[in-house]
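Examining the three-dimensional arrangement
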Amino acid sequence: MKRFMISMIFLMSFWLVLAEKITLEAVCIGAGICLWTYFFNGENPIEIPKKFFTLRGMQYMFVYLFVLSREIITANVQVAQVVLSRNISITPDVIQFQTKLKSELTKTILANSITLTPGTLTVLMEQDLLTVHCLQKDYAQDVLNSKFEKILLKIEE
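A brief structural summary.

What counts, and where the lines are drawn
- Residues numbered from 1 in each chain as written.
- Predicted model: local features only at pLDDT ≥ 70, side-chain atom pairs only at ≥ 80, totals over all residues.
- Heavy atoms only, no water.
- Helix = DSSP H or I, 4+ residues; strand = E, 2+ residues; numbered from the N terminus.
- Buried < 20%, exposed > 50% of the residue type's maximum accessible area, 1.4 Å probe, protein only.
- Salt bridge = Lys/Arg side-chain N within 4 Å of Asp/Glu carboxyl O.
- Expected span 1.5 Å × (residues − 1).
- Contact = heavy atoms within 4.5 Å.
- Pairing = 2+ DSSP bridges.
- Disulfide = S-S within 2.5 Å.
- Patch = residues over 30% accessible without salt bridge, like charges linked within 9 Å, V, L, I, M, F, W, Y side chains within 5 Å.
- Areas by Shrake-Rupley, 256 points an atom, 1.4 Å probe, with all protein chains shown as cover.
- Axes fitted to C-alpha atoms, helices over the stretch in contact; angles between N-to-C directions.

With respect to the environment of Asn41
Note that Asn41 resides in helix α2 (residues 24-41). What makes Asn41 partly exposed here is its relative accessible area of 25%. Placed 26 residues apart in sequence, Asn41 and Trp15 show a C-alpha to C-alpha distance of 17 Å.

Below, the structure is given as structure tokens:
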């Protein structure tokens, strides 16, 4: 029961952050989607390490969200410059890199953050190996020296 309540609070909080307005309709739809998500996961409920709920973990998650937002905005500008230039010169590249992250949750957060950043897409995640498609070869260096991974490693400590 405790796991159910924690998962529902986490999922509902996430839903309300994404909701444009907090209305009765949004809460009811969100509750239904959260219940469906919880029961769809069945034997694999969302496991959030206790480290995320410590003061230190919350501070790093705030920093992480700030860095993610900044990187998304920066990448949007870079991709817009590539797309809007008269001579579109893209140099796509597919790279693989080994992550040092241990938990499945932080690996998933890293993979999704890479995908959320325009110009990069996580194609495959197997164990500790991530395969990422980059629109430009220059973006590969940013993925290999990921700011996201460094912050997530601090959360895992």
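Describing the pattern of salt bridges
In this structure the tally under the stated criterion is 4 salt bridges. A salt bridge links Glu71 to Arg70, with the nearest nitrogen and oxygen atoms 3.8 Å apart. A relative accessible area of 18% places Glu71 in the buried class. Judged by its relative accessible area of 37%, Arg70 is partly exposed.

A short note on unusual backbone geometry
A positive phi angle, close to 55°, is found at Gln127, a residue other than glycine. With respect to the helices and strands, the residue Gln127 is situated in the loop between β2 (120-126) and β3 (129-134).

What about helix α3 (residues 55-84)?
The end-to-end C-alpha separation of α3 is 43 Å, in line with the 44 Å expected for 30 residues at 1.5 Å each. Listed in full, the buried residues belonging to α3 are Gly57, Met61, Tyr64, Val67, Leu68, Glu71, Ala75, Val79 and Val82. Where the residues of α3 are buried, they touch α4 (104-116), α5 (137-144) and α6 (147-156).

A word on the pairing of β2
In this structure, β2 lies alongside β3, joined through 6 bridges in antiparallel fashion. Bridge pairing in β3 links Thr120 to Cys134.

Quick word on the state of the cysteines
In this structure the tally under the stated criterion is 0 disulfides. Free of any disulfide, Cys34 has its nearest cysteine sulfur in Cys28, 12 Å distant.

A closer look at a nonpolar patch on the surface
A surface patch of nonpolar side chains, about 290 Å² in accessible area, is lined by Ile6, Phe53 and Met58. Within the secondary structure layout, Phe53 lies in the loop between α2 and α3.

Describing the sheet that holds strand β1 (residues 93-98)
Taken together, 3 strands build an open sheet; the order of strands is β1-β3-β2 and the sheet is antiparallel. Of all the strands in the sheet, just β1 and β2 have a single pairing partner and so form its edges. Geometrically, the sheet is characterised by an average inter-axis angle of 20° between neighbouring strands, direction not taken into account. Bridging between β1 and β3 involves 6 bridges; their strand directions are antiparallel. Bridging from a neighbouring strand, Asp93 pairs with Cys134 of β3. Relative to β2, α4 is tilted by about 155°, and along the sheet it contacts β1, β2 and β3. With respect to the sheet, α5 is in contact with β1, β2 and β3, its orientation differing from that of β1 by roughly 10°.

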